[in-house]
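# Tertiary structure, described
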Amino acid sequence: MGNAGRMDVDDPLDDFERRPLTLEGVEKAVYVSGQGPAVIVMTEMPGISPQVARFARWVRDAGFRVYMPSLFGRDGAVPGAEEGVAVFRRTCISAEFRGLAAGSSPVTRWLRALARLAHGECGGPGVGAIGMCFTGNFALSLMLEPATVAPVVCQPSMPMDQPTALDIPPEDLALVRERLEREDLTVMAYRFAGDRHCRAERFAALGAALGPRFVARVLPDEAAHPEPPPFFAKIVASPHSVVTAHLVDEVGQPTVAARDEILDFFRSRLQVAGATA
């Protein structure tokens, strides 16, 4: 697997199948690996880093077939500061993402089509989905697709500079809440207490919109990895990425506990043997 497993060099992703998929008239590459019910892993900014790929492998090894779409950035790249800023700026102004505005990003229609395709290929009760940072609330938008039954929202950071705003229209949030209640589903959500980009106000807004079906976990800042990659150290500059760049891969760490809770959530909702939640 080349450099797979190292966090300080580019990840070749060669244990994934790179599939070009055309959905909703748009082609994107999707990295696929594993067997079992489908889980869509949506990368954080600035792209599919070694840390994001590591998380996808943990999901795969827990008994799932991972679908990891390439949404922006250079696939497998270590998150450098200058390159990361360039990717962020391009993505923010793109018509697909509209990172500076409230309301759903058009790319979520493509992601809902991916959820339908993944469920058709893998079967089972449905699909799991996790969004992080720039894609955080995309997991909620995917709940508009009936195939999605296990949404996880990690440090949702959009829209920028509007800490109480949400990257999903109110009418769609109302539909999500109705579905959560009708089907007895929940949304798991994670952030660090001192995250400057996903503040307490955003979780409060999500909790108000979704009610008790929104299950929030807030980790202490001291649980974050003290030496994340350059983009996170210099540009993000606060505890932020719970299961990727700021995860401390050691037994007993709060970030590892959060990762394990997410895997158990997927197991429980997607009916994988060994579920504990």
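Right above here is the structure, for reference.
Residues numbered from 1 in each chain as written. Predicted model: local features only at pLDDT ≥ 70, side-chain atom pairs only at ≥ 80, totals over all residues. Heavy atoms only, no water.

## Focus on the overall build of the protein chain
The test is simple: Secondary structure elements follow DSSP: runs of H or I of four or more residues count as helices, runs of E of two or more count as strands, with numbering from the N terminus. For a compact globule the rule gives 2.2 Å times the number of residues to the power 0.38, and the radius of gyration it is set against comes from C-alpha atoms. Between buried and exposed lies partly exposed: a residue is buried under 20% and exposed over 50% of the maximum accessible area for its type, with that area taken using a 1.4 Å probe on protein chains only. Throughout, a contact is declared for two residues whenever any of their heavy atoms are within 4.5 Å. Only the protein chains shown count as covering a residue, and every accessible area follows the Shrake-Rupley method with a 1.4 Å probe.
A count of helices and strands for the protein chain gives eight helices and eight strands. In terms of overall dimensions, the protein chain is globule-like: its C-alpha atoms have a radius of gyration of 17 Å, near the 19 Å expected for 277 residues. Along the three orthogonal principal directions, the C-alpha set of the protein chain runs to about 45 × 45 × 40 Å. Considering the protein chain as a whole, with its 277 residues, one finds that 58% of them fall into the buried category. At a minimum sequence separation of 6, the contacts of the protein chain that also span at least 24 residues come to 72%. A total of about 10600 Å² of accessible surface is found on the protein chain, and carbon and sulfur atoms cover 51% of it.

## What about the pairing of strand S3 (residues 38-41)?
Rule in force here: Two strands pair if DSSP finds at least two bridges between them. By definition, the crossover connecting two strands over a helix is right-handed if that path, from the first strand to the second, turns clockwise as seen with the strands pointing away from the viewer.
Burial along S3 is two-sided: the residues Ala 38 and Ile 40 and Val 39 and Val 41 are all buried. Here S3 runs beside strand S4 (residues 65-69); their pairing, made up of three bridges, is parallel. The residue of S4 that forms the bridge with Val 39 is Val 66. Tracing the backbone out of S3, into helix H1 (residues 50-61) and back to the parallel element S4 gives a crossover that is right-handed. Note that S3 and strand S5 (residues 127-132) share three bridges and pair parallel. From the neighbouring strand, Val 41 faces S5, where its bridge partner is Ile 130.

## Thoughts on helix H8 (residues 254-270)
The cut-off we apply is this: The span expected for a helix works out to 1.5 Å for each residue beyond the first.
With 17 residues, H8 extends 24 Å from end C-alpha to end C-alpha; this agrees with the ideal 24 Å at 1.5 Å per step. What H8 keeps buried is the set Thr 255, Val 256, Ala 258, Arg 259, Ile 262, Leu 263, Asp 264, Phe 265, Phe 266, Arg 267 and Leu 270. Structurally, H8 contributes buried residues whose contacts are with S3, H1, S5, strand S6 (148-154), strand S7 (187-192) and strand S8 (214-219). Phi turns positive one or two residues past the end of H8, at Gln 271, with a value near 60 degrees.

## Section: the side chain of His 240
You can see His 240 is positioned in the loop between helix H7 (230-236) and H8. With relative accessibility at 2%, the residue His 240 sits in the buried group. Excluding residues that lie within four positions of it along the chain, His 240 makes contacts with Cys 133, Gln 155, Ser 157, Phe 192, Asp 195, His 197, Phe 232 and His 246.

## Considerations on the packing of helix H5 (residues 170-183) against helix H6 (residues 200-210)
Applied cut-off: Axis definition: a line fitted to C-alpha atoms, over the contacting stretch in the case of helices. Angles run 0 to 180 degrees between N-to-C directions. Oblique is the label for any angle not under 35 degrees, not over 145, and not in the 65 to 115 range, which are roughly parallel, roughly antiparallel and roughly perpendicular in turn. Nonpolar residues are Ala, Val, Leu, Ile, Met, Phe, Trp, Tyr, Cys and Pro. Charged residues are Asp, Glu, Lys and Arg, and all others, Gly as well, are polar.
Running from amino to carboxyl end, H5 crosses H6 at an angle of 60 degrees, the nearest separation of the two axes being 9 Å. Classified by the interaxial angle, the pair formed by H5 and H6 is oblique. On H6, the residues that touch Leu 173, Val 176, Arg 177 and Leu 180 of H5 are Ala 208, Ala 209 and Leu 210. Here the contact of H5 with H6 is built from residues that sort into six nonpolar, no polar and one charged.

## Some details on the pairing of S6
Among the seven residues of S6, seven are classified as buried, and the element is accordingly described as predominantly covered. As paired strands, S5 and S6 are joined by six bridges and run parallel to one another. Bridge assignment links Gly 131 to a residue of S6, and that residue is Val 153. Alignment of S6 against S7, held across three bridges, turns out to be parallel. In the sheet register, Cys 154 faces S7, and the bridge partner there is Tyr 190.

## What about the pattern of salt bridges?
This is how it is decided: Whenever Lys or Arg places a side-chain nitrogen within 4 Å of a carboxyl oxygen from Asp or Glu, that contact is recorded as a salt bridge.
Following the criterion strictly, the structure yields 19 salt bridges and no others. Taking the shortest distance from any N to any O, the salt bridge between Arg 74 and Asp 10 comes out at 2.9 Å. On the criterion of sequence distance, the pair formed by Arg 74 in the loop between S4 and helix H2 (81-92) and Asp 10 in the segment before strand S1 (17-23) is long-range, its members being 64 residues apart. Judged by relative accessible area, Arg 74 falls into the partly exposed class, the value being 41%. Classification of Asp 10 as partly exposed rests on a relative accessible area of 35%. For the salt bridge of Glu 24 with Arg 116, the shortest nitrogen-to-oxygen distance reads 3.5 Å. Here Glu 24, found in the loop between S1 and strand S2 (26-33), pairs with Arg 116, found in helix H3 (residues 107-122); they are 92 residues apart in sequence, far enough to count as distant. Exposure remark for Glu 24: the relative accessible area of 52% places this residue in the exposed category. By relative accessible area, which is 40% here, Arg 116 ends up partly exposed. Where salt bridges share partners, they join Asp 11, Asp 15, Arg 57, Arg 60 and Asp 61 into one cluster.

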